[in-house]
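Structural overview for review
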Amino acid sequence: MVPLHRRSGRRRVLAATVGMALAAAVAVLPGAASASAADSTVAADGPLLSYVVNTRVDHGTVKSVERAISRAGGQVVISYEKIGVIVVHSANPGFAAAIRKAHGVQTAGATRTAAIAPASTTELGAPERLTAAQVAAATAANAKAGTAQEPLEANQWDLVAIKADKAAKINPGSRKVTVGVIDTGIDDTHPDLAANFSASQSANCVGGVADTTPGAWRPYDPASDYHGTHVAGEIAAARNGIGVAGVAPNVKVAAIKVSDPVTSLFYPESVVCAFVFAADHGISVTNNSYYIDPWLYNCLADPDQQAIVDAVNRASKYSERKGVLNVASAGNSNDDLDSHALSDASSPDDGTPVVRTVDPHQCFDIPTQLPGVVTVSATGVQNLKSYYSSYGRGVIDVAAPGGDKYQIPGSPDKNGRILSTLPGNTYGYLQGTSMASPHVAAVAALIKSRHPHATPEQIQWLLKAEADNPGCPAGLYDPDGNGVQDATCTGPKRLNSFYGYGIVDALDAVTK
């Protein structure tokens, strides 16, 4: 079975739903009213957990809450005073309940269910890699043919599907535009990425504090933490006569690493750090091919999950105010994200999962469902929704190539997945909405290159206006060919549940 990367977002809701629901939840949750913090004598016999504590945004309130955190048995890791989010560690089992009573605290909760562990690495599996001999053979064949393509470009059907090959001849993107890859890190030594990598805009945000030490943004284990490097190549692999080409081969990419070295999970405090770092370092677009652990869906009725939504939403909105467009994948579960009951059997994924039924209109996958985030579904070479891609009317904004093993291209390798860079000067195939999202981030970067003063809202509008919508399939949607309808597309051609406004168009991005 072809592996689908687990770190793909699942869904989002329309516009201000998150903010309205969150405000209502804060008003009625126990402990939301102001009160004094716990006494200085606190228990410390529980597991060491990480928390987010969200406050009013003013210096005095933040400092007052920091003192209350100490009295409640917590240690401040970092305070993002500009958004009112404080990252805390505590071994006090009663910390969350105590700090929610402190004056100025609006929401607070644990960001994980298992104890913080010392750093190590774990094997995540591997993509389908090209051997050195395969790369050499393709390079030789390309040279003999005398084409203007990159050596492996003949196998990049995805570039043709969104007209990125044509767009590159007109405008390959501006050096003033940077896409931040919030992921597992990037191997910036890869010869297809080195020329376009921005070290000054890169960091390791694991744990919630940005580490800009040179190389801190690289994968912990190149053999297993390949995901971010693959995404980076899809966006901006250079047209330099080596390997593959990116959709926007002249823009810059930056690595903002957020994957935990022990569990490989993407915890909220790391993503908060990433959004704030991107905002403060001139990044134009971020790509988010993951969902925030440990909860697949964060339900506002639960105070811990409510605090996670609150903290990440604050960071996301801060980045938008600073000019960043955030793009995220819709997920690989083939779920209708506009339904009112979905089964979640994977949460919490850092402890013992329990089966629960959730309403995605009340329980949010983040960052995908946050207001302002562009949600992306995946397609194959036939411009048909990929068999695994989640969908939903009013949820999906746009679609892009993510690969599909059932949709076989006419390329030399006959591989329906997405070919891109991997750590260690290698290349390989992956499929998933994780691969679709960076195509959209790259097209957004091309729009920003052509319209340098465009706001995130304007770029998102242009993405939608310039997209090409194939409309709902006329007959049976049966990509695996077993005679069973695998998903039902709803809505008109211009805006439907499979493709949103349509499949993004790179050529339009540089000409319109």
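For the structure itself, look to the data block above.
Overview of the structure.

The rules behind each value
- Residues numbered from 1 in each chain as written.
- Predicted model: local features only at pLDDT ≥ 70, side-chain atom pairs only at ≥ 80, totals over all residues.
- Heavy atoms only, no water.
- Core = buried A, V, L, I, M, F, W, Y, C linked by side-chain atoms within 4.5 Å.
- Buried < 20%, exposed > 50% of the residue type's maximum accessible area, 1.4 Å probe, protein only.
- Helix = DSSP H or I, 4+ residues; strand = E, 2+ residues; numbered from the N terminus.
- Contact = heavy atoms within 4.5 Å.
- Pairing = 2+ DSSP bridges.
- Disulfide = S-S within 2.5 Å.
- Phe/Tyr/Trp six-rings, centres within 6.5 Å; stacked < 30°, edge-to-face > 60°.
- Lys NZ or Arg CZ within 6 Å of the ring centre and 35° of its normal.
- Salt bridge = Lys/Arg side-chain N within 4 Å of Asp/Glu carboxyl O.
- Expected span 1.5 Å × (residues − 1).
- Axes fitted to C-alpha atoms, helices over the stretch in contact; angles between N-to-C directions.

Grouped together as the largest cluster of nonpolar side chains are 64 residues, with contacts concentrated most on Ile235, Val247, Val440 and Val443. For this core, the element with the highest residue contribution is helix 10 (residues 433–450), accounting for 10 residues. When neighbours within four sequence positions are excluded, Val247 is seen to be in contact with Leu159, Ile162, Ala164, Glu234, Ile235, His439, Ala442, Val443, Leu446 and Ala506.

Here we take up the sheet that holds strand 5 (residues 128–129). Pairing in this open sheet of three strands is antiparallel, and the strands run 5-18-17 from one edge to the other. A single partner strand is all that each edge strand has here, and the edge strands are strand 5 and strand 17 (418–422). Where strand 17 meets strand 18 (residues 426–430), five bridges bridge the pair, whose relative direction is antiparallel. For Leu422, the partnering residue across the bridge sits in strand 18 and is Thr426.

In a disulfide, the sulfur atoms of two cysteines are held together by a covalent bond. Going through the model one piece at a time under the given rule, you end up with three disulfides. Across the disulfide, Cys299 is cross-linked to Cys363 (sulfur-sulfur distance 2.1 Å). Judged by the sign of its S-S torsion, about 110°, the cystine formed by Cys299 and Cys363 is right-handed. With Cys299 in strand 10 (residues 298–299) and Cys363 in strand 14 (residues 363–364), the pair connects residues that are 64 residues apart, well separated along the chain. Here Cys363 falls in the buried class, since its relative accessible area comes to 8%. One disulfide bridge connects Cys472 with Cys489, the sulfur atoms lying 2.1 Å from each other. Across the S-S bond of Cys472 and Cys489 the torsion is about -65°, and the bridge reads as left-handed. Here the residue Cys472 occupies a position in the loop between helix 11 (456–465) and helix 12 (506–511), and Cys489 occupies one in the loop between helix 11 and helix 12, the gap between them amounting to 17 residues. The disulfide pattern of the protein is 1-2, 3-4, 5-6 when the bonded cysteines are numbered in sequence order.

With an omega of 5°, the peptide bond running from Asp293 to Pro294 counts as cis. By the element assignment, Pro294 lies in the loop between strand 9 (285–288) and strand 10. Here the bond from Ser347 into Pro348 is cis, since omega is -5°, no more than 30 degrees from zero. Looking at where Pro348 falls in the secondary structure, it is placed in the loop between strand 12 (342–344) and strand 13 (356–358). Of note, Asn425 is a non-glycine position whose phi angle comes to about 60°, a positive value.

Here the focus is the packing of aromatic side chains. Enumeration over the complete set of coordinates arrives at eight aromatic pairs. Between Phe197 and Trp217, the aromatic rings sit 5.6 Å apart at their centres with planes inclined by 40°, giving tilted as the arrangement. Of this pair, Phe197 sits in the loop between strand 6 (178–183) and strand 7 (203–204) while Trp217 sits in the loop between strand 7 and helix 7 (227–236), and the two are 20 residues apart along the sequence. Grouping residues by exposure puts Phe197 and Trp217 together as buried. Measuring from centroid to centroid gives 5.1 Å for Tyr387 and Tyr388, while their planes differ by 80°, and the two rings are edge-to-face. Overall, Tyr387 belongs to the buried group, its relative accessible area being 17%. Three or more aromatic residues joined by ring pairs make a cluster, and in this case those are Tyr391, Tyr477, Phe498 and Tyr499. Taking the ring centre of Tyr220 as reference, the NZ or CZ of Lys257 above it sits at 3.6 Å. Positioned over the ring face of Phe498 is Lys385, at 5.4 Å from the centre of the ring.

For the structure on display, the rule yields 15 salt bridges. The residue Arg314 makes a salt bridge to Asp310 at a minimum N-O spacing of 2.9 Å. One end of the pair, Arg314, and the other, Asp310, are both in helix 9 (residues 303–321), four residues apart, so they sit about a helical turn from each other. When sorted by exposure, Arg314 lands in the same class as Asp310, which is buried.

Turning our attention to helix 10. The end-to-end C-alpha distance of helix 10 is 26 Å, a good match for the 26 Å that 18 residues give at a rise of 1.5 Å each. Where burial is concerned, most of helix 10 is hidden: 17 out of the 18 residues are buried.

On to the sheet that holds strand 1 (residues 49–55). One open sheet accounts for four strands, arranged 2-3-1-4; its pairing is antiparallel. Each edge of the open sheet carries a strand with a single partner, namely strand 2 (74–80) and strand 4 (105–110). Across the sheet, the axes of successive neighbouring strands diverge by a mean angle of 20°, strand direction being ignored. Where strand 1 lies against strand 3 (residues 85–90), six bridges are found, and the strand directions are antiparallel. Counted as the bridge partner of Val52 is Val87 from strand 3. Sheet strands touched by helix 8 (residues 268–280): strand 1, strand 2 and strand 3. Its angle to strand 2, the strand with the most contacts, is close to 25°. Along the sheet face, helix 9 touches strand 1, strand 3 and strand 4 and points at about 115° away from the line of strand 4.

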